[in-house]
Amino acid sequence: MTSNTQEYAISHWPDSEAILADLKKLANDMPLYQIRRDKMEEYLKKFDSMFAGSKKMVEKAKELIPGGVQHNLAFNHPFPLAIGKAEGAYLWDVDGNRFIDFLQAGGPIVLGNNYAPVRGKVMELVMECGPVTGLFHEYEYKLAELIRRHMPSVEMFRMLASGTEACMAAIRAARAFTGKAKVIKMGGAYHGWSDQFVFGMRIPGTANLDAHGIPGECYVHTQEIYPNDLAALEEAMTKNESEGGTAALILEPLGPESGTRPVLRDFNAKARELCDRFGALLIFDEVVTGFRVGLGGAQGYFGVKPDLTVFGKCVAGGYPAAGGVGGRKDVMLSFAAGIGGGLVKRAMVGGTLSANPLSCAAGYYCIKSIEETRAHIKAGRAGDRLTKGLREIFARRHLPFIAFNHGSICHMETGAAMLMEISNPKIFEQVGKRKKIMEELGAAMTVEGIISLAGSRLYTSMADTDEVVDDALERFDRVFADFEVVKE
Ligand SMILES: Cc1ncc(COP(=O)(O)O)c(C=O)c1O
């Protein structure tokens, strides 16, 4: 397999080394920039009046729902938005304001919001058999077959209900198959919120910093290495040999947090070699990259074959109950289900709503629609245009901010809170300040009609035509018009 820009959303591989050096500088050496205070005040006033309906709703929700919001990707400053409608490139809030949607529900919306042909098929299915029966439905097979056609590493596929579950299941199968316990992940990567993976999240080297409510025994076999550090990976695997061995290395193939710290071009291939040398399984977490980078996933782009692949979100076309694991037949057979289980020692997985006909039909028609429309390529071109435009804005306005993209996954670093180094003695004081700056930026972008993922990630879809992207860039230009250095 070789990468082919005709088939994949990444039209050119960005210079990861240069980006990583620039990101390091931005997060650790550059002065902090914020929106000029008077302009920020104006934005906050507008926010209050434009989004009064959301404010009222969220205030009420706070009495029943912790914090008033249930989505970790939602901005809470000054208060979260309540959305009423989604279509194509846009979202509308309960007050009727329209936004260009670069959050895209955290990644699965490659076709654009509420894509009518997929919705139609889902409606047909629901009319016929409802969302769930607890028994086999033909769409389970059709989805598995379609995934296998595009990703040859997926010899077998088991549908689950979320990316978190799928990561847990993949690790369980790896341990059952290899008989080893240790699992290595990349520092900063998110693989869901299971006990063993709330470890080394967001900033590499933070280990159990976020592991509140999780006993230490749960992540005693989880290890993190610094992104791109092959020497550290080899060292960890070598050390693990005397402690029972490494069951698996789990990676987001573009780098932690969808490539927020991008991988070097040959990292995945080298990681594959190390896994083979140490008898560890290589697991690609393609929860975001699967079908977004290309129908062959990031694994197809890099030409690296993982033993297992984790799917989420997009595998049910953005519809609920979205997760799955696919891979080598010998490993996958440990998931054999049904009363009495399989022929092999089982890696127990389950879920009443897993593999329900609605999710499987939605995933099948979503992937088929991407195939027919080449949505991933169109989304990738929109990402290229958006990133180029953002770079021009930063250069013209003399801002040290950074924009880079892998196709339709675009990164815009300003406050760079997540990019700080754990070795920076000012980290704890700085992360808070930087988060605030990013939250303010998020509020300003919202007033200007743009929704992003935490003010730093922008996903594009097929619905993001040149007109939509150019409109977004004009809005971004207004947001970035008046920045000032934060006085220490
Ligand atoms: C790379 C990655 N893995 C796993 C997950 C967890 O997926 P889910 O939210 O479906 O549990 C996410 C979610 O954002 C993700 O981005």
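What you see is a predicted model, and the numbers here were worked out from it, not measured in a lab. (Residues numbered from 1 in each chain as written. Predicted model: local features only at pLDDT ≥ 70, side-chain atom pairs only at ≥ 80, totals over all residues. Heavy atoms only, no water.)

K.L.:
Could you give an account of the environment of Arg261, with specific residues and numbers?
P.N.:
Mapped onto the secondary structure, Arg261 falls in the loop between α8 (256–259) and α9 (267–278). Apart from the residues lying within four places of it in its own chain, the contact partners of Arg261 are Leu20, Ile203, Pro204, Tyr226, Pro227, Leu254, Gly255, Pro256, Met418, Leu419, Met420 and Glu421. For Arg261, the side chain forms a polar contact with the main-chain oxygen of Met418, separated by 3.0 Å. Among the polar contacts made by the side chain of Arg261, one reaches the main-chain carbonyl oxygen of Met420 at a distance of 3.1 Å. (Helix = DSSP H or I, 4+ residues; strand = E, 2+ residues; numbered from the N terminus. Contact = heavy atoms within 4.5 Å. Polar contact = N/O pair within 3.5 Å; in protein donor to acceptor, adjacent residues only side chain to side chain.)

K.L.:
Which residues make up the sheet that holds strand β6 (residues 182–186), and what values go with them?
P.N.:
The seven strands are arranged β5-β11-β10-β9-β8-β6-β7 in an open sheet whose pairing can be described as mixed. On the outer flanks of this sheet lie β5 (156–160) and β7 (222–225), each paired with one strand and no other. Looking at each pair of strands side by side, their axes are set apart by 20° on average, direction ignored. Two elements, strand β8 (residues 246–251) and strand β9 (residues 281–285), share four bridges in a ladder whose sense is parallel. Looking across to β9, one finds that Ile250 is bridged to Ile283. Contacting β6, β8 and β9, α9 crosses the sheet at an angle of about 175° to β8. (Pairing = 2+ DSSP bridges. Axes fitted to C-alpha atoms, helices over the stretch in contact; angles between N-to-C directions.)

K.L.:
Before we move on, can you summarise the sheet that holds strand β2 (residues 83–87) with the specific residues and values?
P.N.:
Where strands meet in a sheet, backbone hydrogen bonds hold them as pairs that are either parallel or antiparallel. Pairing in this open sheet of four strands is mixed, and the strands run β2-β3-β4-β14 from one edge to the other. This sheet does not close on itself; its edge strands, each paired only once, are β2 and β14 (450–451). Note that strand β3 (residues 90–93) and strand β4 (residues 98–101) share three bridges and pair antiparallel. Directly across from Leu91, in β4, lies its bridge partner Phe99.

K.L.:
With reference to specific residues and values, describe the state of the cysteines.
P.N.:
Going through the model one piece at a time under the given rule, you end up with zero disulfides. With no disulfide of its own, Cys129 has Cys360 as its nearest cysteine by sulfur position, at a separation of 11 Å. The exposure class of Cys129 is partly exposed, given its relative accessible area of 25%. You can see Cys314 has no disulfide; the closest cysteine sulfur is in Cys366, sitting 4.2 Å from it. (Disulfide = S-S within 2.5 Å. Buried < 20%, exposed > 50% of the residue type's maximum accessible area, 1.4 Å probe, protein only.)

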